[in-house]
Amino acid sequence: MIKAAVFDIDGTLALMDKEKGTFAALPGVLDALAACRAKRIKIVAYTNGTFFAPKHYYPLLADAGIIIDPGHLLTPAAIAAQALAQRGYKRVMVLGGDGTTVPVAEAGIEVIPATKNAPKVDAVLLGYTRDLTTEGLEAVVQAVWDGATPFAGSVAPYFASSRGRMLGISGAIAAALENATDTKVTVFGKPETAGLTTVTAITGADPREMVVVGDDPKLEIRMGRRAGALTVGVTTGIADAALFNSFPEDERAHVVIPSLTQLQEQPWLK
Ligand SMILES: [Mg+2]
């Protein structure tokens, strides 16, 4: 029985107008969410972006008619912040923008900027930033040389944007950090399953009681399959049906649909 539905945002629930900074709901989304609510299936929105803190998204999605309950919108940085707090980290050096520093501070962790002569930290967390400097990179490398454990929200090599591929900054920094320190960076974002552990914490659903819905076969589908969830690929984003179906059977979406209009035809939602 499905108890929680985990939806990707970009290309799955909505598309962003990068110039206006607003979202438009994709076809069938509002009805699909209403159908989930009618079945008492808990809804979680989980984006792999760390550009913004979660609270940035609620009003933008609400303007598009997509209502997400408080605490039910996840980003890799928010998942990282909760996981680091749970693991007892008190002071973390963050190389990243507001999308990363805000959730870490809200989790009660002291955020140390990545600067020269920074105080000793227990961990380093990498997130998206437009303000990467040599000093920042040197600071995180020095912190890891001094014993801090390195983490990253996402290490995706690039993101899809309206202007085509955009470099995944935290992935590039993570590669540089691993190169310099010979220490593996622990990742929280998709396709790692840490996010679904957080979904369990907020919904009570085990991954086997979740459906993961997304437009990226390498991110949402891979994450869902690894955790044992039901997976639904939707072709309103970056991948078409042929791409979804090109993956080996045990990594492939269980179902591929052209839009969320067809979600209501799924047996678990009927
Ligand atoms: Mg997407």
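Here the structure is a predicted model, which means the values were calculated and not measured.

## As for the overall build of the chain
Part 1 of the argument: Helix and strand counts for the chain stand at nine helices and 15 strands.
Part 2 of the argument: Taken over the C-alpha trace, the chain has a radius of gyration of 18 Å; the compact-globule value for 270 residues is 18 Å, and the two agree within 12%.
Part 3 of the argument: In terms of principal-axis extent, the alpha carbons of the chain reach across some 60 × 40 × 35 Å.
Part 4 of the argument: Going through the 270 residues of the chain one by one, you find that 50% of them count as buried.
Part 5 of the argument: By sequence separation, contacts in the chain at least 24 residues apart represent 66% of the contacts at least 6 residues apart.
Part 6 of the argument: Looking at the chain as shown, the accessible area adds up to about 12400 Å², and 52% of this sits on carbon and sulfur atoms.
Part 7 of the argument: Here the chain contributes 25 positive and 28 negative side-chain charges, whose respective centroids are spaced 4 Å apart.

## A word on the domain arrangement of the chain
Part 1 of the argument: The domain architecture assigned to the chain consists of domain 1 (4-48 + 191-269) and domain 2 (76-187).
Part 2 of the argument: Just the C-alpha atoms count here: the centres of domain 1 and domain 2 sit 27 Å apart.
Part 3 of the argument: If you look at the interface, domain 1 gives nine residues, while domain 2 gives nine residues.
Part 4 of the argument: Approximately 740 Å² of surface area, both sides summed, lies buried where domain 1 meets domain 2, with 65% of it carried by carbon and sulfur atoms.
Part 5 of the argument: Counting the surface domain 1 buries against domain 2, the share from its top three residues, Lys18, Asn48 and Thr198, is 54%.
Part 6 of the argument: A total of three residues in the side of domain 1 that touches domain 2 trace back to one element, the largest contributor, which is helix H7 (residues 194-203).
Part 7 of the argument: Per-class residue counts for the side of domain 1 that touches domain 2 are three nonpolar, four polar and two charged.

## Focus on the sheet that holds strand S4 (residues 42-46)
Part 1 of the argument: The sheet built from six strands is open, its strands ordered S5-S4-S1-S13-S14-S15 with parallel pairing. The open sheet terminates on both sides in strands that have one partner only, identified here as strand S5 (73-74) and strand S15 (255-257).
Part 2 of the argument: In this structure, strand S1 (residues 4-7) lies alongside S4, joined through four bridges in parallel fashion. Bridge pairing in S4 links alanine 5 to isoleucine 43.
Part 3 of the argument: On top of the sheet, H7 reaches S1, S4, S5 and strand S13 (210-214); it is set at about 145° to S4, its chief contact.

## Looking at the coordination of the magnesium ion
Part 1 of the argument: All of the protein donors around the magnesium ion are Asp8 (OD), Asp10 (O) and Asp215 (OD); their distances to the metal are 2.1 to 2.2 Å.
Part 2 of the argument: When the donors of the magnesium ion are listed by position in the chain, the intervening gaps give D-x1-D-x204-D. Of this pair, aspartate 10 sits in the loop between S1 and strand S2 (14-17) while aspartate 215 sits in the loop between S13 and helix H8 (217-227), placing them 205 residues apart in sequence.
Part 3 of the argument: Aspartate 10 sits in the partly exposed class, given a relative accessible area of 30%.

## Considerations on the packing of aromatic side chains
Part 1 of the argument: With the rule as written, the count across this model stands at six aromatic pairs.
Part 2 of the argument: Ring centres of phenylalanine 51 and phenylalanine 52 lie 6.5 Å apart, and the angle between their planes is 50°; on these two criteria the pair is classed as tilted.
Part 3 of the argument: When its relative accessible area of 31% is taken as the criterion, phenylalanine 51 is described as partly exposed.
Part 4 of the argument: With 5.5 Å between their ring centres and 25° between their planes, phenylalanine 151 and phenylalanine 188 make a pair best called stacked. You can see phenylalanine 151 sitting in strand S9 (residues 149-152) and its partner phenylalanine 188 sitting in the loop between strand S12 (186-187) and H7, a full 37 residues away along the chain.
Part 5 of the argument: According to the relative accessible area criterion, phenylalanine 188 is buried, its value standing at 2%.
Part 6 of the argument: In textbook terms, an aromatic cluster arises when at least three aromatic residues are bridged by ring pairs, as seen for Phe23, Phe51, Phe52, Tyr57 and Tyr128.
Part 7 of the argument: We note lysine 190 situated over the ring of tyrosine 46; from NZ or CZ to the ring centre the distance is 4.6 Å.

So, how was this worked out
- Residues numbered from 1 in each chain as written.
- Predicted model: local features only at pLDDT ≥ 70, side-chain atom pairs only at ≥ 80, totals over all residues.
- Heavy atoms only, no water.
- Helix = DSSP H or I, 4+ residues; strand = E, 2+ residues; numbered from the N terminus.
- Rg over C-alpha atoms; globule rule 2.2 N^0.38 Å.
- Buried < 20%, exposed > 50% of the residue type's maximum accessible area, 1.4 Å probe, protein only.
- Contact = heavy atoms within 4.5 Å.
- Areas by Shrake-Rupley, 256 points an atom, 1.4 Å probe, with all protein chains shown as cover.
- Lys, Arg positive; Asp, Glu negative; His and termini not counted.
- Charge placed at Lys NZ, Arg CZ, Asp CG, Glu CD.
- Domains from an automatic or database assignment.
- Buried area = accessible area lost by both parts, 1.4 Å probe.
- Nonpolar A, V, L, I, M, F, W, Y, C, P; charged D, E, K, R; others polar.
- Pairing = 2+ DSSP bridges.
- Axes fitted to C-alpha atoms, helices over the stretch in contact; angles between N-to-C directions.
- Donors = N, O, S within 2.8 Å, 3.2 Å for Na, K, Ca; no water.
- Phe/Tyr/Trp six-rings, centres within 6.5 Å; stacked < 30°, edge-to-face > 60°.
- Lys NZ or Arg CZ within 6 Å of the ring centre and 35° of its normal.

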